[in-house]
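Chain residues, written in single-letter form:
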Amino acid sequence: MTTVLTRRSLLAAAAAAPVAVAAPRVAAQGRLRLVVIGGGFGGASAARFARDAFPDVEVTLIERSRQFTTCPYGNLVLAGSRTIETITFGYDGLSRLGVRVVHDEAEAIDPQAKTVRLRNGAAVPYDRLIMSPGIDLRWGAIEGYTEAAADRMPHGWAPYLQPITVLERQLRAMPDGGVFVMAIPDNPFRCPPGPYERISMVAHYLKRAKPRAKILALDAKNGFSKQPLFQEAWEELYPGMIEWRGASNDGRVVAVDPQTMTLRTEFGERVRADVANVIPPQMAGRIARDTGLANQTGWCPVRAQTFESALVPGIHVIGDASIAAPMPKSGFVASTHAKQAVAAAVALHRGQTPPSPVYFNTCYSHVGTGYGISIVGVFRADGDRFVEVPNSGGISPRNATMGPERRREYRRLEADYADGWYEALTRHMFGLS
Amino acid sequence: MRRRISRKVLGGAVALAGAVLAVPAAANEDLRIGLVTGGCVGCHGSAGSGGHGIPKIAGTLSRGDFVAKMKAFRDDQSNPTVMNRIARGYSDEEFALMALRWAKAE
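What counts, and at which threshold
Residues numbered from 1 in each chain as written. Chains lettered and ligands numbered in written order. Predicted model: local features only at pLDDT ≥ 70, side-chain atom pairs only at ≥ 80, totals over all residues. Heavy atoms only, no water. Helix = DSSP H or I, 4+ residues; strand = E, 2+ residues; numbered from the N terminus. Buried < 20%, exposed > 50% of the residue type's maximum accessible area, 1.4 Å probe, protein only. Contact = heavy atoms within 4.5 Å. Areas by Shrake-Rupley, 256 points an atom, 1.4 Å probe, with all protein chains shown as cover. Rg over C-alpha atoms; globule rule 2.2 N^0.38 Å. Buried area = accessible area lost by both parts, 1.4 Å probe. Salt bridge = Lys/Arg side-chain N within 4 Å of Asp/Glu carboxyl O. Polar contact = N/O pair within 3.5 Å; in protein donor to acceptor, adjacent residues only side chain to side chain. Nonpolar A, V, L, I, M, F, W, Y, C, P; charged D, E, K, R; others polar. pLDDT = per-residue confidence, 0-100. Pairing = 2+ DSSP bridges. Axes fitted to C-alpha atoms, helices over the stretch in contact; angles between N-to-C directions. Phe/Tyr/Trp six-rings, centres within 6.5 Å; stacked < 30°, edge-to-face > 60°. Parallel < 35°, antiparallel > 145°, perpendicular 65-115°, else oblique. Left-handed = near helix turned anticlockwise from the far one by under 90°.

1. Observations regarding the overall build of chain B
Alright, step 1. Helices and strands together make up the secondary structure of chain B, namely six helices and zero strands.
Alright, step 2. When the elements of chain B are put in sequence order from the N terminus, they spell out α-α-α-α-α-α.
Alright, step 3. A burial count over chain B gives 55% of its 106 residues as buried.
Alright, step 4. In chain B, of all internal contacts separated by at least 6 residues, the share reaching a separation of at least 24 is 66%.
Alright, step 5. Just so you have it, chain B exposes about 4700 Å², and 57% of that area is on carbon and sulfur atoms.

Next comes the structure, spelled out in structure tokens:
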């Protein structure tokens, strides 16, 4: 006789065994201790999701600062339409939800003993570790661009190293008729559309306050995120103000001199700046590199299903520090890495199969008043690789594809949606809603 | 007439299509709802209430209508900004999971 197994009963049978095996282990060890390092978009989202989805898991968030200023919307501080206070958040919301928030620097990880050593000397034990360390800047990768040089030539690209207000003050003090020069790095780097939103928001400010000033953007690559949309908008909103030079047009900056406020390009041109915004090449945050999670590129290879490190088991590396192309290094997509990594970490600890992932990104950029543009993407795991779902995602439509009325409406809606996106995401990840 | 979609019917479809075998069906379904809708909250908010012109999605449509709306976005049948681009990345099963979180209870 043949036993008929319906698909449903097969599923039910498969479910019974691993749970029965896992139960005694959980009882013997107590609650699963999930530790998250880094309270930015990835880490705060991980802590929030772990608290919501797994009430029986102990969630600890280790973050050096008591306040977190976002990179997104920093460009609106330059524009003069936001203050830094409105893009700065605390961790009380996450504490209220039951996340144990530890404000200290994670000094070192012992992956064998499964502990995080804090600067105060204490060791925090974990069963699974989620690391969202963000980026460090490669000082010296551009000759002369040291930490000291960044005071005169601000990067404004890592708020915990330098608040955006340093660059803001220099922009405000710039004379009318001056030149705002940007050095923009090659891929991969944090926030691919960010430099171009910055060009837009600086232009927005200059148009009003210093209409004779110019922006010169020196780029180490030949193309960029949302390029046709940005360039159409610049011609429309800021005609004659912005010059963008790609790598093949000698756009790559190889050296800077903060004393003379000059930048030197690959083919030897010396450019004098009134304000120099140098965004240098980047790498995974120090704790990830010190733990051996980064490869020769300076970034951290991870498994596409789980975000578990490909180099050190038991540690999941999410956000900008991870190698997750074709996903961009963005805060939004980091928040979806976070959820998958938490679900996978819990499943792996319990001897279960991690759920199959769907990663999602939405990035809005402000280009002018009531003028926003977007890029979206849906991504999945295909074996060891991340892949974008074919025929999905993409950027807002070009001007020529819409009538004038629809075009104005579309850009205005996306500017409004950008504000909603920023508010929804930040309130969610910091446990404020 | 639109067919009524119960949680059980949706859940069955979800379990059949799902790749995860080693967790109890109900817990697994709740987790997958949390993961699949993780992107929704990034713009529509933790409670799906929207803001700044972003529509409220919580408790506004029946499950059937919610799924139909997502399919219409995917097929470019309405005139949205981002939702058509987004919906093309998701499966019918995932629309069902989204409906379980956001649509009116039935």
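2. What about the overall build of chain A?
Alright, step 1. On a plain count of helices and strands, chain A comes out with eleven helices and 25 strands.
Alright, step 2. Taking 2.2 N^0.38 as the reference for a compact globule, 433 residues should give roughly 22 Å; the C-alpha atoms of chain A span a radius of gyration of 23 Å, in line with that estimate.
Alright, step 3. The dimensions of chain A, computed from C-alpha atoms along their principal axes, are 85 × 55 × 40 Å.
Alright, step 4. Expressed as a percentage of its 433 residues, the buried residues of chain A come to 58%.
Alright, step 5. Considering only contacts in chain A between residues 6 or more positions apart, those separated by 24 or more positions represent 66%.
Alright, step 6. Of the roughly 17100 Å² of accessible surface on chain A, a fraction of 52% belongs to carbon and sulfur atoms.

3. Some words on the interface of chain A and chain B
Alright, step 1. Contact with chain A, which involves 51 residues of that partner, is made by 37 residues of chain B.
Alright, step 2. Between chain A and chain B, a total of about 3500 Å² is buried, with carbon and sulfur atoms accounting for 62% of that surface.
Alright, step 3. Inspection of the region where chain A meets chain B yields two salt bridges.
Alright, step 4. Two residues, glutamate 414 of chain A and arginine 85 of chain B, come together in a salt bridge whose shortest N-O distance is 3.4 Å.
Alright, step 5. Across the contact surface, chain A and chain B share 16 residue pairs in polar contact (both at pLDDT 80 or more).
Alright, step 6. Only helix 1 (7-29), helix 2 (41-53), helix 10 (331-349), strand 22 (359-368), strand 23 (371-382), strand 25 (394-395) and helix 11 (404-429) of chain A provide two or more residues apiece to the side of chain A that touches chain B.
Alright, step 7. When residues in the side of chain A that touches chain B are grouped by element, the largest group, 13 residues, is from helix 11 of chain A.
Alright, step 8. Here the residues of the side of chain A that touches chain B sort into 26 nonpolar, 15 polar and ten charged.

4. Quick look at the confidence of the model for chain A
Residues and elements named next belong to chain A.
Alright, step 1. Considering every residue of chain A, the mean pLDDT works out to 94; 93% of them sit at 70 or more.
Alright, step 2. No element of chain A has a lower mean pLDDT than helix 1, which averages 37, and none a higher one than strand 17 (residues 275-278), which averages 99.
Alright, step 3. The low-confidence segment residues 1-28, where pLDDT is below 50, has 21 contacts with residues more than four positions distant or belonging to other chains.

5. A look at the sheet that holds strand 20 (residues 315-317) of chain A
Residue and element names in this part refer to chain A.
Alright, step 1. An order of 5-2-1-9-20 is seen for the five strands of this open sheet, with the pairing classed as parallel. At either margin of the open sheet sits one strand with a lone partner, and together these are strand 5 (100-102) and strand 20. Ignoring strand direction, the axes of neighbouring strands in this sheet form an average angle of 20 degrees.
Alright, step 2. Direction of pairing for strand 2 (residues 58-62) relative to strand 5: parallel, over a ladder of three bridges. Of the residues in strand 5, the one forming a bridge with threonine 60 is arginine 100.
Alright, step 3. Lying on the sheet, helix 2 is in contact with strand 1 (33-37), strand 2 and strand 9 (128-131); it crosses strand 2 at an angle near 165 degrees.

6. Overview of the packing of aromatic side chains
Alright, step 1. Under the defined criterion, the tally for this structure stands at 19 aromatic pairs over all chains.
Alright, step 2. Relative to phenylalanine 230 of chain A, the ring of tyrosine 196 of chain A lies with its centre 6.2 Å away and its plane at 55 degrees, an arrangement referred to as tilted. Remark: phenylalanine 230 of chain A occurs in helix 8 (residues 227-237) and tyrosine 196 of chain A occurs in helix 7 (residues 194-209); sequence separation between them is 34 residues. Phenylalanine 230 of chain A matches tyrosine 196 of chain A in its accessibility class, with the two residues each being buried.
Alright, step 3. When the ring of phenylalanine 360 of chain A is compared with that of tyrosine 90 of chain B, the centres are 6.3 Å apart and the planes differ by 65 degrees; the resulting orientation is edge-to-face. Here phenylalanine 360 of chain A is found in strand 22, whereas its partner tyrosine 90 of chain B is found in the loop between helix 5 (83-87) and helix 6 (92-102) on a different chain. Residues phenylalanine 360 of chain A and tyrosine 90 of chain B agree in their burial class; the two are buried.

7. Topic: the packing of helix 4 (residues 63-74) of chain B against helix 6 of chain B
Residues and elements named next belong to chain B.
Alright, step 1. Closest axis-to-axis distance for the helix 4/helix 6 pair is 9 Å, and the angle between their directions is 135 degrees. In terms of orientation, helix 4 and helix 6 fall into the oblique class. Relative to helix 6, helix 4 is oriented so that their crossing is right-handed. Two secondary-structure elements touch here, helix 4 through Arg63, Phe66, Val67, Met70, Lys71 and Arg74 and helix 6 through Asp92, Phe95, Ala96, Met98, Ala99, Leu100 and Trp102.
Alright, step 2. Across the contact of helix 4 with helix 6, the residue classes tally to nine nonpolar, no polar and four charged.

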